[in-house]
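Working through the structure, step by step
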Amino acid sequence: MTRSEEREQAFVLLFESSFYQEPDLEEMVQNAMLGRELELGAFARRLAEGGLAHREELDIYIEKYLRNWSKKRLSRVSLAVLRLALFEILWETDVPESVSINEAVELCKKYAGKEDASFVNGVLGSFVREREKDGE
């Protein structure tokens, strides 16, 4: 399985988690394995676990980089993609930031639309530019 496919698996789990107040990743994985015959890869599991474990921190970053917008107005797809990409940028240091951003844009194109893809690209681009400016 490719990393792109595993990212998509992680995205789907993060998207599903947005429907729960206190999501249980193991329960969601078990349901996905039964309902969709999902075989969750190690990279996908790490991304999904990290996205859930750091959800509050990731949301703070997301809100910081939304320009004239609020998190409440984001589609669940865009929110899940942003959480996934930001987690990957911040904690998966072996993945170039440009790859994380490109993969996020592609997920948006597939599951949302062109406008969502452009929006997500802008938010992630702003985040990365500010990190570079701050020397992180």
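Here is what the cut-offs are and how they apply
- Residues numbered from 1 in each chain as written.
- Predicted model: local features only at pLDDT ≥ 70, side-chain atom pairs only at ≥ 80, totals over all residues.
- Heavy atoms only, no water.
- Axes fitted to C-alpha atoms, helices over the stretch in contact; angles between N-to-C directions.
- Helix = DSSP H or I, 4+ residues; strand = E, 2+ residues; numbered from the N terminus.
- Parallel < 35°, antiparallel > 145°, perpendicular 65-115°, else oblique.
- Left-handed = near helix turned anticlockwise from the far one by under 90°.
- Contact = heavy atoms within 4.5 Å.
- Nonpolar A, V, L, I, M, F, W, Y, C, P; charged D, E, K, R; others polar.
- Buried < 20%, exposed > 50% of the residue type's maximum accessible area, 1.4 Å probe, protein only.
- Arc of directions from axis to C-beta.
- Phe/Tyr/Trp six-rings, centres within 6.5 Å; stacked < 30°, edge-to-face > 60°.
- Lys NZ or Arg CZ within 6 Å of the ring centre and 35° of its normal.

**A look at the packing of helix α5 (residues 76-91) against helix α6 (residues 97-111)**
Viewed as axis vectors pointing N to C, α5 and α6 meet at an angle of 165°, and their least axial separation amounts to 9 Å. Here α5 is positioned roughly antiparallel relative to α6, judged by the angle of their axes. Here α5 and α6 pass one another in a crossing that is right-handed. Across the interface between the two elements, V77, S78, V81, L84, A85, E88 and I89 from α5 touch E97, S100, I101, A104, L107, C108 and Y111 from α6. Across the contact of α5 with α6, the residue classes break down as ten nonpolar, two polar and two charged.

**Quick notes on helix α4 (residues 55-65)**
Three or more residues of α4 are buried, namely R55, L58, D59, I62 and Y65. The arc that holds every buried residue of α4, seen down its axis, measures 130°, which confines them to one face. Of the exposed residues in α4, those oriented more than 90 degrees away from the buried face are E56 and I60. Buried residues along α4 sit against α1 (3-17), α3 (42-53), α5 and α7 (114-134).

**Description of the packing of aromatic side chains**
Tallied over the full model, the rule gives six aromatic pairs. Consider the rings of F11 and Y111, whose centres lie 4.9 Å apart with planes at 45°: the pair is tilted. Of this pair, F11 sits in helix α1 while Y111 sits in helix α6; the two residues are 100 residues apart in sequence, bridging distant segments of the chain. The exposure class of Y111 is partly exposed, given its relative accessible area of 34%. Ring centres 5.3 Å apart and planes at 80° place the aromatic pair F15 and F19 in the edge-to-face group. Among the aromatic residues, those joined into a cluster by ring pairs are F11, F15, F19 and Y111. The ring of F43 carries R3 above its face, with NZ or CZ at 4.1 Å from the centroid. Taking the ring centre of F19 as reference, the NZ or CZ of R76 above it sits at 4.1 Å.

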